[in-house]
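Here is how the chains run, residue by residue.
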Amino acid sequence: MQAMDEIYQSYARTVYKYLMSLTADENLAEELTQETFYQAIRSIDRFDGSCRISTWLCAIAKNQLLSYRRKHPVSDEVTEDILTEKSAEESVLDYENRVETLKKLHGCPEPYREVMYLRVYGNLSFREIGDIMGKTENWARVTFYRGKEHLRKELEKHE
């Protein structure tokens, strides 16, 4: 087992990007990344080596996020600034399209949903996604493509 300092240096960015893909909030992702490594230190004796360290850390990160969300439920208020160059009608249509797309994405079966979140919102490479999911880079590419096709078909049904 690598020293925790080396593990942090090697995987902090991956954990942070994973959390950014799930939260889209830099401050929250940073806070949860720190909490993830704190929890990893506390439970390092339970790491049995049956998965990659990055997979184990991302599982801890996901649990930290779930715990955070239980304590801090998300409100339904719109957080975007509506004072843009677009007309009010365009802004409403853009918002409705994004909301509909996110609803359909949320309804995608696993692993499509998580791979697509990691790729689109986390800006992770296919190699990083494969590493997080304990799969190959090619698996991540194929899964993303299939998820995209699934999402496209679902959105076409809506039109």
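Now for a description of the structure that goes with this document. (Residues numbered from 1 in each chain as written. Predicted model: local features only at pLDDT ≥ 70, side-chain atom pairs only at ≥ 80, totals over all residues. Heavy atoms only, no water.)

Regarding the side chain of K17
Turning to its location among the elements, K17 is positioned in helix α1 (residues 4–23). A relative accessible area of 13% means that K17 is categorised as buried. Residues within four places of K17 in sequence aside, it is in contact with G122, N123, L124 and E128. (Helix = DSSP H or I, 4+ residues; strand = E, 2+ residues; numbered from the N terminus. Buried < 20%, exposed > 50% of the residue type's maximum accessible area, 1.4 Å probe, protein only. Contact = heavy atoms within 4.5 Å.)

Considering the nonpolar core
With 34 residues, the main nonpolar core has I7, L19, F37, L57 and I129 as its most contacted residues. For this core, the elements supplying multiple residues, two or more each, are α1, α2 (26–42), α3 (53–71), α5 (112–120), α6 (126–133) and α7 (137–158). A total of 8 residues in this core trace back to one element, the largest contributor, which is α1. (Core = buried A, V, L, I, M, F, W, Y, C linked by side-chain atoms within 4.5 Å.)

A short note on a nonpolar patch on the surface
On the surface, L102, V120 and Y121 cluster together into a nonpolar patch covering about 240 Å² of accessible area. With respect to the helices and strands, the residue L102 is situated in helix α4 (residues 88–106). For L102, a relative accessible area of 36% corresponds to the partly exposed category. (Patch = residues over 30% accessible without salt bridge, like charges linked within 9 Å, V, L, I, M, F, W, Y side chains within 5 Å. Areas by Shrake-Rupley, 256 points an atom, 1.4 Å probe, with all protein chains shown as cover. Salt bridge = Lys/Arg side-chain N within 4 Å of Asp/Glu carboxyl O.)

Some thoughts on α6
Among the residues making up α6, those that are buried are F126, E128, I129, G130 and I132. Note on α6: the residue one or two positions beyond its end, G134, has a positive phi of about 75°.

Thoughts on the pattern of salt bridges
Evaluation of the coordinates by the stated rule reveals 7 salt bridges. The salt bridge involving E128 is made with K17; its shortest N-O contact spans 3.3 Å. Here E128, found in helix α6, pairs with K17, found in helix α1; they are 111 residues apart in sequence, far enough to count as distant. Accessibility expressed as a relative area gives 15% for E128, which makes it buried. Where D131 meets R52, a salt bridge forms, and the shortest distance between an N and an O atom there is 2.6 Å. Residue D131 is found in helix α6, and its partner R52 is found in the loop between α2 and α3; the two are separated by 79 residues along the sequence. Overall, the relative accessible area of 43% leaves R52 in the partly exposed class. Where salt bridges share partners, they join R13, K17 and E128 into one cluster.

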